[in-house]
Amino acid sequence: MDDRLQVRSMVDARHGRVKPQIYADPEIYQLELERVFARSWLFLAHESMLPKAGDFFTTSMGEDPVVVVRQKDGSLQAYLNQCRHRGMRLCHADGGNTKAFTCPYHGWAYGLDGGLTSVPLEEQAYRNQLDKSRWGLTRVPRLATYKGLVFGNWDESAPSLEAYMGDMAWYLDGFLDRRAGGTEVLGGIHKWVIDCNWKFAAEQFCSDQYHAPYTHASAVQVLQASPANKSDGKPLGEGQTARPVWADALGGVQFGGQGHGSAFFFTEKPDANVWVDGAVSAYFRDTYPEAEARLGKVRALRLAGHNTLFPTLSWLNGTQTLRVWHPRGPNKIEVWAFCLCDREAPAEVKDALIKSHARAFGPAGFLEQDDSENWVEVQKVLQGHKARQTEFCMEMGLGHEARRADGIPGVTNYTFAETAARGFYQHWANMMSAENWDEIQALNASYEKELVHE
Ligand code: FES
Ligand code: FE
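Residues numbered from 1 in each chain as written. Chains lettered and ligands numbered in written order. Predicted model: local features only at pLDDT ≥ 70, side-chain atom pairs only at ≥ 80, totals over all residues. Heavy atoms only, no water.

A tally of helices and strands in the chain yields 17 helices and 21 strands. Each of the three principal axes of the chain carries a C-alpha extent, and together these read 85 × 55 × 40 Å. Evaluated residue by residue, the chain yields a buried proportion of 56% over its 454 residues. Pairs at least 24 residues apart make up 67% of the contacts formed inside the chain by residues separated by at least 6 positions. Here the chain carries 47 positive and 57 negative side-chain charges, and the mean point of each set is 2 Å from the other. (Helix = DSSP H or I, 4+ residues; strand = E, 2+ residues; numbered from the N terminus. Buried < 20%, exposed > 50% of the residue type's maximum accessible area, 1.4 Å probe, protein only. Contact = heavy atoms within 4.5 Å. Lys, Arg positive; Asp, Glu negative; His and termini not counted. Charge placed at Lys NZ, Arg CZ, Asp CG, Glu CD.)

Here's what the structure looks like:
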């Protein structure tokens, strides 16, 4: 059977079934690099990280290393971080400012615009016959910015970034657009490795509200009991039990579409988030009127929950973690965690936020470790032959999808559901099997049409 059709048969989103081979098979992984990562819009950097001409940042698109560079005219470009002579990694720094990139192997040098500008011994070794104009860096052909987030795409025929995001932009705005002035990245980036497939992390952040009450139960008990994390600032009274956020929640929503997903609880409290320091919680309270004026009540109040923009960009409102799950083989990811803050927030709030962020979702964060322990163990189980053949159940909320009349867009369900997970895998299977973007979009549209009978 054709490779692509075989992969397609491993996902049955309509019945909520997935074959776990998709998380462990090296051949499927190679196909993902080509069909998913070389055709999707991938997050590269935040504009605040590259304010001046010559500023650069190195990252990767799938496993392809890239360097993003601020040009002299203020625009951004991104290039494959690979010297054209023998393929050496051109730039080894995480980021910085430069006038040129010089290869450490034989010394070829490239300008900010990616052009090859100088070659050692050009006269003697190349007899001045090398046409430098044809040996510039390989440019990422599509670059687009959305409210400070810079994305790249290798596929010239991909839809625009806005069309790719679709309804997910509405949910992303709740993270990026709380205040005038937008957001910025605070401090450096936490980077670490987890021995699991990238889809476990991306899918969990897309859809899985269900794990939180169980996986994070002990962390929530401790946090909720701390006076610093209670909006009234009072300790628990004797005999009082901490109530997690979902116990007081007034229901919630899960959205899934085009592979993206978002899930959260409704609340009436502007600081209903137990993961952040008291100063940050007070900041959310104080700035609530501005956020409500810009975003409306639902998104302004929404300070917890999960989000993934397919394939590998995830974020959590409130703790303000923005992360990329860089794939590093079928059984490994490199997590890059950025702390995103409103640019207009006072310095002491930024300081408190960055500490809260590290405490909850840094590499040793108390919530982070709960999550990664699960993914690593699932991946270990999948070393078994039988384990890789045994279907997973993804049936939660199946058949209860609906469109809402209250302005919350897209195909939705109750917050505890697997609508976004099913949509994530359906879109993945569509990308893995379709020849081009027209076909991917047609397959997505027919799947979504079947979900909601209007
Ligand atoms: Fe870069 Fe030779 S590999 S100069
Ligand atoms: Fe979690």
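In terms of burial, strand E5 (residues 64-70) is largely enclosed, as 6 of its 7 residues are buried. Here 6 bridges tie strand E4 (residues 55-61) to E5, and the two strands are oriented antiparallel to one another. Its bridge partner being in E5, Phe57 is matched across the sheet by Val68. Remark: 2 residues form the turn of the hairpin made by E4 and E5, two consecutive strands paired antiparallel; Gly62 in that turn has positive phi of roughly 65 degrees. What sits between E5 and strand E6 (residues 76-80) in their antiparallel hairpin is a turn of 5 residues, with Gly74 showing a positive phi close to 90 degrees. (Pairing = 2+ DSSP bridges.)

All right, on to the side chain of Arg302 then. Assignment of secondary structure puts Arg302 in the loop between helix H12 (297-301) and strand E16 (306-309). Buried Arg302, no salt bridge; nearest opposite-charge side chain is Asp173, N-O distance 11 Å. Side chain to side chain, Arg302 and Ser262 meet in a polar contact 3.2 Å long. Separated by 3.3 Å, the side chains of Arg302 and Asn307 make a polar contact. Apart from the residues within four sequence positions on either side, Arg302 is in contact with Tyr171, Ser262, Ala263, Phe264, Asn307 and Asn317. (Salt bridge = Lys/Arg side-chain N within 4 Å of Asp/Glu carboxyl O. Polar contact = N/O pair within 3.5 Å; in protein donor to acceptor, adjacent residues only side chain to side chain.)

So, about unusual backbone geometry. Here the amide bond leading from Phe310 into Pro311 is cis, since omega sits at 0 degrees, within 30 degrees of zero. If you trace the backbone, Pro311 turns up in the loop between E16 and strand E17 (313-316). The phi angle at Gln258 is positive, at roughly 55 degrees, despite the residue not being glycine. With respect to the secondary-structure elements, Gln258 resides in the loop between strand E14 (252-257) and strand E15 (260-265). Gln258 sits in the partly exposed class, given a relative accessible area of 28%.

This next bit is on the sheet that holds strand E3 (residues 42-46). Sheet architecture is open: 3 strands sit in the order E3-E12-E11, paired in antiparallel fashion. On the outer flanks of this sheet lie E3 and strand E11 (142-146), each paired with one strand and no other. Each strand axis lies, on average, 30 degrees off the axis of its neighbour in the sheet, ignoring direction. As judged from the 4 bridges shared by E3 and strand E12 (residues 149-153), these two strands associate in the antiparallel manner. Of the residues in E12, the one forming a bridge with Phe43 is Phe151. (Axes fitted to C-alpha atoms, helices over the stretch in contact; angles between N-to-C directions.)

Take the coordination of the iron ion (ligand 2) next. In this structure, His211 (NE2), His216 (NE2), Asp371 (OD) and Asp371 (OD) serve as the protein donors to the iron ion (ligand 2), at separations of 2.1 to 2.5 Å. Metal-centred angles of 55 to 138 degrees between the 4 donor atoms at the iron ion (ligand 2) mark the site as irregular. One chain supplies every donor for the iron ion (ligand 2), spaced along it as H-x4-H-x154-D. On the basis of relative accessibility, which here comes to 6%, the residue His216 falls in the buried class. (Donors = N, O, S within 2.8 Å, 3.2 Å for Na, K, Ca; no water. Tetrahedral: all angles 85-135°; square planar, octahedral: opposite > 155°, others 65-115°.)

Pairing is antiparallel in the open sheet, where 3 strands are placed in the order E8-E9-E10. Across the chains shown, the open sheet's two edge strands, defined by having one partner strand only, are strand E8 (100-102) and strand E10 (116-118). The average angle at which neighbouring strand axes cross in this sheet is 35 degrees, direction not considered.

One finds Phe151, Trp198, Leu313, Leu322 and Trp428 to be the most contacted residues of the largest nonpolar core, which totals 96 residues. Among the elements that make up this core, the one with the highest residue count is helix H16 (residues 419-433) (8 residues). Residues contacting Trp428, with those up to four places away along its chain left out, are Val7, Val11, Ile22, Ile28, Glu32, Val36, Trp198, Lys199 and Phe310. One finds Tyr79, Leu90, Leu112 and Val119 within the second-largest nonpolar core, a separate group that totals 16 residues. (Core = buried A, V, L, I, M, F, W, Y, C linked by side-chain atoms within 4.5 Å.)

If you walk through the whole model with that rule in mind, you get 22 salt bridges. Several salt bridges share partner residues, and in doing so they unite Lys147, Asp173, Asp177 and Arg294 into one network.

Next up on the list: the packing of aromatic side chains. Within this structure, the stated rule accounts for 24 aromatic pairs. A centroid spacing of 6.1 Å and a plane angle of 85 degrees characterise the contact between Tyr23 and Tyr425, whose relative ring orientation is edge-to-face. Here Tyr425 lies in helix H16 and Tyr23 lies in the loop between strand E2 (17-18) and helix H2 (26-37), a separation of 402 residues in the sequence. Classification of Tyr23 as buried rests on a relative accessible area of 0%. Judged by its relative accessible area of 0%, Tyr425 is buried. (Phe/Tyr/Trp six-rings, centres within 6.5 Å; stacked < 30°, edge-to-face > 60°.)

What follows concerns the packing of helix H6 (residues 198-207) against helix H14 (residues 366-381). Relative orientation of the contacting elements H6 and H14 amounts to 135 degrees, with a least axis distance of 10 Å. In terms of orientation, H6 lies oblique with respect to H14. With respect to the hand of their crossing, H6 and H14 are arranged in right-handed fashion. Side by side, H6 and H14 meet where Phe200, Ala201, Gln204 and Phe205 of the first sit next to Asp371, Trp375, Val378 and Gln379 of the second. (Parallel < 35°, antiparallel > 145°, perpendicular 65-115°, else oblique. Left-handed = near helix turned anticlockwise from the far one by under 90°.)

Take the environment of Leu313 next. Turning to its location among the elements, Leu313 is positioned in strand E17. A C-alpha to C-alpha distance of 15 Å links Leu313 and Trp428, two positions 115 residues apart in sequence. In this structure, Leu313 is in contact with Phe43, Leu149, Phe151, Asn307, Thr308, Leu322, Arg323 and Val324, ignoring residues within four places of it in sequence.

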